[in-house]
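Working through the structure, step by step
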Amino acid sequence: MNKRLFNPRAIAGGKWPVLTHLGRVSGATYRTPLDAYPVDGGYLFILVYGSRSDWVRNVLAAGGARLRVAGREVELTAPRLVGEDEAFQSLPADVARPPRLLRITEFLRMDLVAG
């Protein structure tokens, strides 16, 4: 449902950060609207659907992706899964933590490509 209904509307609206990544099998280019949080030297993504989501598996396989955020595009590299402790330490204090009810324990961290 997200791929067909929410994602196209969110991308067209331009309010959400959009991650551009390559399909690990198809090689197709995908655009996925996500919550992306700036952290020291990169970005952190809260994995609401876990690390088995297609976009997460694609990014891990490709070793990076591009993120359109606040009207600019940044290149990201070195994707890695991190746990709650590392994620919460790197998030700014004003960013709300996911509710415990959702049981989110996985996060994806990527570094900005120097340039």
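So, how was this worked out
Residues numbered from 1 in each chain as written. Predicted model: local features only at pLDDT ≥ 70, side-chain atom pairs only at ≥ 80, totals over all residues. Heavy atoms only, no water. Buried < 20%, exposed > 50% of the residue type's maximum accessible area, 1.4 Å probe, protein only. Helix = DSSP H or I, 4+ residues; strand = E, 2+ residues; numbered from the N terminus. Arc of directions from axis to C-beta. Contact = heavy atoms within 4.5 Å. Phe/Tyr/Trp six-rings, centres within 6.5 Å; stacked < 30°, edge-to-face > 60°. Pairing = 2+ DSSP bridges. Axes fitted to C-alpha atoms, helices over the stretch in contact; angles between N-to-C directions. Polar contact = N/O pair within 3.5 Å; in protein donor to acceptor, adjacent residues only side chain to side chain.

**Let's talk about helix 2 (residues 54-62)**
Within helix 2 the residues assigned to the buried category are Trp55, Val56, Asn58 and Val59. The buried side chains of helix 2 occupy one side of the element, clustering within an arc of 160° when seen end-on. Summarising the contacts, the buried residues of helix 2 are in contact with strand 1 (18-22), strand 2 (29-33), strand 4 (42-46), strand 5 (64-69), strand 6 (72-82) and strand 7 (107-112).

**Topic: the packing of aromatic side chains**
Summed over all chains, the structure comprises 2 aromatic pairs. Plain terms: the ring middles of Phe45 and Trp55 are 5.9 Å apart, the flat faces sit at 65° to each other, and that makes the pair edge-to-face. Of this pair, Phe45 sits in strand 4 while Trp55 sits in helix 2, and the two are 10 residues apart along the sequence. Taking relative accessible area as the criterion, Trp55 reaches 12% and is therefore assigned buried. Relative to Phe107, the ring of Phe88 has its centre 5.6 Å away and its plane inclined at 70°; by these criteria the two rings are edge-to-face. Residue Phe88 is located in helix 3 (residues 84-90), and its partner Phe107 is located in strand 7; the two are separated by 19 residues in the primary sequence.

**Description of the sheet that holds strand 2**
A sheet is described by the order of its strands in space; here 7 strands give the open sequence 2-1-5-6-7-4-3, paired in antiparallel fashion. Both edges of this open sheet fall to strand 2 and strand 3 (37-39), since each of them pairs with a single strand only. The mean angle between the axes of side-by-side strands here comes to 35°, regardless of whether they run parallel or antiparallel. Of the strand pairs in this sheet, strand 4 and strand 7 are connected by 5 bridges, and their pairing is antiparallel. When the sheet's bridge partners are listed, Gly42 is paired in strand 7 with Asp111. Each of strand 1, strand 2, strand 4, strand 5, strand 6 and strand 7 touches helix 2; the most contacted strand, strand 1, lies at about 60° to it.

**Here's the deal with the side chain of Ser53**
Here Ser53 lies in the loop between strand 4 and helix 2. One polar contact links the side chain of Ser53 to the main-chain carbonyl oxygen of Gly50, over a distance of 3.1 Å.

**Quick notes on the side chain of Thr20**
Topologically, Thr20 is positioned in strand 1. Accessibility expressed as a relative area gives 10% for Thr20, which makes it buried.

**A closer look at the pairing of strand 2**
Inspection of the sheet shows strand 1 paired to strand 2 by 5 bridges, in the antiparallel sense. Bridging from a neighbouring strand, Leu19 pairs with Thr32 of strand 2. Hairpin remark: strand 1 followed by strand 2, antiparallel, with 6 residues in the connecting loop; positive phi at Gly27, about 75°.

**With respect to the pairing of strand 5**
Pairing geometry for strand 1 and strand 5, over 3 bridges, is antiparallel. By the bridge assignment, Leu19 is partnered in strand 5 with Leu67. The pairing of strand 5 with strand 6 spans 6 bridges and is classified as antiparallel. Pairing of Gly64 across the sheet is with Thr77, part of strand 6. Connecting strand 5 to the next strand, strand 6, in antiparallel fashion are 2 residues, including Ala70 with a positive phi near 50°.

In short, the description is geometric, and any link to function would need to be established separately.
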